[in-house]
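One letter stands for each residue in the lines below.
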Amino acid sequence: QRKLAAAAKATVAAELDAPRTWGQASSRWFDEIGQHHKALDLTLLSLEWLSKEIGSDRPLVEIDDNLVSRLVAKRRAQKRQVGRRKDRAKQRPVSAATVNRTVTEPLRKVVLRAQKTWKVPVGDVDWSQHMLAEPQERVREASEGEESAVMGKLERGYDEAMQFAFDSGCRRMEVIALKKTDVDFFSRQFTVTGKGGKLRVIPMGDKLFAQLWRLKDTPTEYVFTYIAQRTVKRGNRLIERGKHQPLTDAGLRSAQRRAIAASGVPNFRPHDTRHTNATRTLRASNLRVVQSLLGHRDVATTAKYAHAMVEDVRASL
């Protein structure tokens, strides 16, 4: 009897403690899950927008298809600013991907955790009806001539990073974050930190090995650097003229865009170095190899490069 009484008391306490409103549920979800997100700022902005539109006191059982539809429609109708300078900024519609990531997905995560983990009654929502169709990611492969044209317009230091991106398929942030301690010449491999903090080990071919070996003695802990053209102070950091400095995301992005524009190569973006490497690798191997190289969790994500196999089959026939 004492055990039954204790169990009943615990059940009542759990029910009283369970979140019943959107405000309570979103706060608890953030404490348990959201605060650990790498893109913390985006998570906070999404929850702030949802709380403003839903109302912190709204019961979870009132979050239904009708409400979710109105939230999606309102977010789609908003505009986003393109460009940093206000006098030149343009207003463009929010993309379907942005609506999914900032409205439907975080809302679904909170409600489903309340329902399945906290055992709280929630409204009836068919989430699949509210996910907007996103355009398929374009795959742009550079020809050898286009690669040479872009590389010929890059400044010293930035050309090393761009060539490494072409030859490794690494993302821009993976390139600039690569440290010398991440490179293992004995095992002929290096380690990068990808999306979500996931580590990925990439073997070095002869070309990558030669490049990384050539850069191993620069006087910084990072592999890819540039030589400062003038002495400036940025915050607490002093950048001295004539000394090696680690590449920054903004600096590499700007250098890539200038080089692409100057090269005259049409319809090419910095991230297309990754697409180029993946397509070339696929022609010499298979989808599983490319999946491992790019760090895709699901091979279905890698399947967008299958067009290369189709072209090879057509050429063979």
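Structure: above.
So, how was this worked out
- Residues numbered from 1 in each chain as written.
- Predicted model: local features only at pLDDT ≥ 70, side-chain atom pairs only at ≥ 80, totals over all residues.
- Heavy atoms only, no water.
- Core = buried A, V, L, I, M, F, W, Y, C linked by side-chain atoms within 4.5 Å.
- Buried < 20%, exposed > 50% of the residue type's maximum accessible area, 1.4 Å probe, protein only.
- Helix = DSSP H or I, 4+ residues; strand = E, 2+ residues; numbered from the N terminus.
- Contact = heavy atoms within 4.5 Å.
- Pairing = 2+ DSSP bridges.

Re the nonpolar core
In summary, soluble globular proteins display a tendency toward joint burial of nonpolar side chains. Counting residues in hydrophobic clusters, the biggest one holds 42 residues, and the most contacted among them are F164, L178, F190, L212 and F224. At the level of elements, α6 (144–151), α7 (158–168), α8 (172–176), β4 (189–193), α9 (206–214), α10 (249–263), α11 (272–284) and α12 (287–294) are the ones that each hand at least two residues to this core. What F224 contacts, discounting residues up to four positions off in sequence, is E160, A161, F164, V175, L178, Q211, L212, L215, Q245, P246 and L247. Counting 29 residues, the second largest nonpolar core, distinct from the first, contains W29, L47, V122 and W127.

A short note on the pairing of strand β5 (residues 199–203)
What you see with β5 is a clean split: R200 and I202 sit on the buried side and L199, V201 and P203 on the side with no burial. The pairing of β4 with β5 spans five bridges and is classified as antiparallel. Note that in β5 the partner of T191 across the bridge is V201.

Considering the environment of K243
Within the element layout of this structure, K243 appears in the loop between β8 (237–239) and β9 (244–246). When its relative accessible area of 43% is taken as the criterion, K243 is described as partly exposed. Sequence separation between K243 and L40 is 203 residues, and the spatial gap between their C-alpha atoms is 34 Å.

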